[in-house]
Amino acid sequence: MALWQRKTPSTRRQAAVLLLACFASLFLLLIWDYRFLPSHGRDIPTSFAPHHASPEVQAPPQVPALLQQQQQRPNRDQDTEVDLSSARAPFIAWPLRRVCAESTYVPGLTFLCDNNSGGPGNIRNYILTCLRYAVDAGATALVLPRIRTRSPSDPANLFRDYQLFGYMFDEAHFLKAMADACPRIAVYASIEDVPGAWKKAQREDRTIDMIVERVTPKHFGGSRAGCDQRDPNRYTDQFGAAFREWIRSSATERGWAPPNDVDNPRLIRFSWGVLWDWPVYRDGPEFAATFGGLLKIREDILEIADAIVAGMRTLAASTRGTETAAGQSFLGMHLRTEADALSQWPSYENQTKNYLREAASQGYQGRAAYLASGNETETRKFGREAMAALQLDVKSKYDLLEGRDDELEKLRALSWDQQALVDFAVLLNCDYFVGVSPSSFSINVALKRHLKEEGLYTRPWKVGGRGDGRSWLVGRYDRYWEDWLFMFDGMWP
């Protein structure tokens, strides 16, 4: 058999056709790679669903789910460098964007997250928990949350007039973050702005607020007979489907047309007290660590806190250092003894005794401490006791703004709860924090500070232990409900 033979014209044509086919296949593979495989820096839409009026609309799977999730993730290495314990931490959107992309949307389903009350910790957690439910329900609209204020003369009276979202939080930041993470959820300034709301109210001959439906989220998805009503919702995985089925069936029972975003919206307001419902780590540590970033404290409040922190650093530098607390290091404390504190919570004596013991163990003898409290009388009392016991110089926000008339005037113009936000921001900056459980304020401070070391991958706070090396909380940890330990499961950092 010949080892070589001359190619005929027919053979050359066959070779050319084969080569052309190879090039065509390679070209098709390149197109496939560009359209469907992940590529760094390429913008990928998070939803492909058409926006038309139907009871439920879900994004059809244009690409495999795993690839779609990969496309939605930015550079995680860059995200791990963000200090999520900072009050000015940028919002990392991809964990929420991933959850929103998985939602089954119901046109016209609108949530009002304004049935809140209490201090900043409670207000913040109610809004965030309501928002998390809204995403799972498939809401396509949200009314910018209002904030219920307390009585200026009676702090225990939590149910007074409403203030706008900007009373506590940065509105522009919230709107930008929501648009980035959940572009299919429209945010309206008021209930009157919701498309179709006025028409529906007029058609039913009711005021616009009367067409809002009051629901309790634990009623959807399952039951835990015998459990305390404060127990976290154990059926969050089933909530969305069960809620949407109720939307469909209740509309049929009432003879209503299916909900839509033109003339028949369904307006939903949750019952009071759902703020600890959602187990925050249910969506993964990266979601728990970033979701609270939707609610950024107002910049003018943060600027007052900056001035106080600078004053504390200067004061701390003027004191004699110890081996464990030197330089500008200062201690932060929260004394929870105001008029609205519950009688079964740790007493003034219990809190201050443990605070001083912890201060000594952390090396703050002869140093400086910042005290957050709404009780000015007991702030002065504790300051005297701390100086006598440890030569610990305790200062309040008012002390640290003496001689700074502009900042002091701005501070005094703030309400009681707005001033608590100043305290919150200052305590995020201290070098060690001691607070009290079950104060939602103290717990929120500790959990937010807990994000500093592990960031996106932060593991849950060890309840009842010795803290995380940055914070410690005095309290009772024997009974899950009576000692309010459920708050640790439902508190967004």
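Above this text sits the structure in question.
Here the structure is a predicted model, which means the values were calculated and not measured.

Draft legend 1. Quick peek at the overall build of the protein chain. In terms of helices and strands, the protein chain carries 18 helices and 13 strands. Taken across its 493 residues, the protein chain has 52% of its residues classed as buried. A separation threshold of at least 6 residues defines the contact pool for the protein chain, and within that pool the share at least 24 residues apart is 73%. Put simply, the protein chain shows about 23500 Å² of open surface, and 53% of that area lies on carbon and sulfur atoms.

Draft legend 2. The arrangement of the state of the cysteines in detail. Summed over all chains, the structure comprises 2 disulfides. The disulfide that involves C100 links it to C182, with 1.9 Å between the sulfurs. Taking the sign of the S-S torsion, about 55 degrees here, the bridge from C100 to C182 comes out right-handed. On the criterion of sequence distance, the pair formed by C100 in helix α4 (residues 94–101) and C182 in the loop between α6 (171–181) and β6 (186–188) is long-range, its members being 82 residues apart. C100 gets classed as buried once you look at its relative accessible area, which sits at 2%. In this structure C182 comes out as buried when scored by relative accessible area, which is 0%. Taking only the cysteines that form disulfides and numbering them from first to last, the protein chain has the pattern 1-4, 2-3.

Draft legend 3. Just the sheet that holds strand β11 (residues 393–395), in detail. The strand order across the open sheet formed by 5 strands is β11-β10-β9-β12-β13, and the pairing between neighbours is parallel. Here the strands that pair on one side only, and so sit at the sheet edges, are β11 and β13 (471–474). Across this sheet, the average inter-strand angle for adjacent strands is 20 degrees, counted without regard to direction. Pairing of strand β9 (residues 331–334) with strand β10 (residues 368–372) involves 4 bridges; the strand directions are parallel. Its bridge partner being in β10, L331 is matched across the sheet by A369. Sheet strands in contact with helix α12 (residues 376–390) are β9, β10 and β11, and its direction is about 165 degrees off that of β11.

Draft legend 4. Seen up close, the pairing of β10. Summarising burial for β10: 5 of the 5 residues are buried, a large majority. Judged from the 3 bridges that link them, β10 and β11 form a sheet pairing that is parallel. Pairing of A369 across the sheet is with V394, part of β11. Crossover β10 to β11 through α12 is right-handed.

Draft legend 5. Representation of the pairing of strand β3 (residues 139–143). By the criterion of burial, β3 is predominantly enclosed, with 5 of the 5 residues buried. As defined by bridge partners, strand β2 (residues 104–112) adjoins β3 across 4 bridges and the pair is classed as parallel. Note on β3: the bridge partner recorded for V106 is A139. Taken together, β2, helix α5 (residues 120–137) and β3 form a β-α-β motif whose crossover is right-handed. In this structure, β3 lies alongside β6, joined through 3 bridges in parallel fashion. Across the sheet, L142 pairs through a bridge with V187, a residue of β6.

Draft legend 6. Highlighting the side chain of D170. Along the chain, D170 turns up in the loop between β5 (162–163) and α6. Of note is the side chain of D170, whose polar atom sits 3.2 Å from the backbone nitrogen of A172. Not counting residues up to four positions away in its chain, the partners in contact with D170 are F165, K296, I297 and R298.

Draft legend 7. Structural view of unusual backbone geometry. P438 follows S437 through a cis peptide bond whose omega is 25 degrees. Along the polypeptide, P438 turns up in the loop between β12 (432–436) and α16 (440–449). Of note in this structure, Q391 is not a glycine but carries a positive phi near 55 degrees. Checked against the element boundaries, Q391 lands in the loop between α12 and β11. Judged by its relative accessible area of 49%, Q391 falls in the partly exposed class.

Thresholds, definitions, all that
- Each chain carries its own residue numbering, running from 1 in the written order of its sequence.
- Selection of residues for local features in this predicted model requires a pLDDT of at least 70, selection of side-chain atom pairs for listing and counting requires 80 or more, and totals for whole chains, interfaces and linings are taken over all residues.
- Side-chain metrics rest on all non-hydrogen atoms present in the structure, leaving aside hydrogens and water.
- Secondary structure counts use DSSP, requiring at least four H or I residues in a row for a helix and at least two E residues in a row for a strand, with both numbered from the N terminus.
- A simple rule labels every residue: compare its accessible area, found with a 1.4 Å probe on the protein chains alone, to the largest value its type can have, and call it buried under 20%, exposed over 50%, or partly exposed in between.
- Any two residues whose heavy atoms approach within 4.5 Å are treated as being in contact.
- Each accessible area is a Shrake-Rupley result for a 1.4 Å probe, and residues are judged covered by the shown protein chains and nothing else.
- The rule for a disulfide is simple: a pair of cysteine sulfur atoms within 2.5 Å.
- Two strands are said to pair when DSSP picks up at least two bridges between them.
- What counts as an axis is a line fitted to C-alpha atoms, over the stretch in contact for a helix, and the angles between N-to-C directions run from 0 to 180 degrees.
- We call a crossover right-handed when, viewed with both strands directed away from the observer, the connection leading from the first strand over the helix to the second proceeds clockwise.
- Polar contacts, as counted here, are pairs of nitrogen or oxygen atoms within 3.5 Å of one another; within protein the pair requires one atom able to donate a hydrogen and one able to accept it, and residues that are adjacent in sequence qualify only if both atoms are side-chain atoms.

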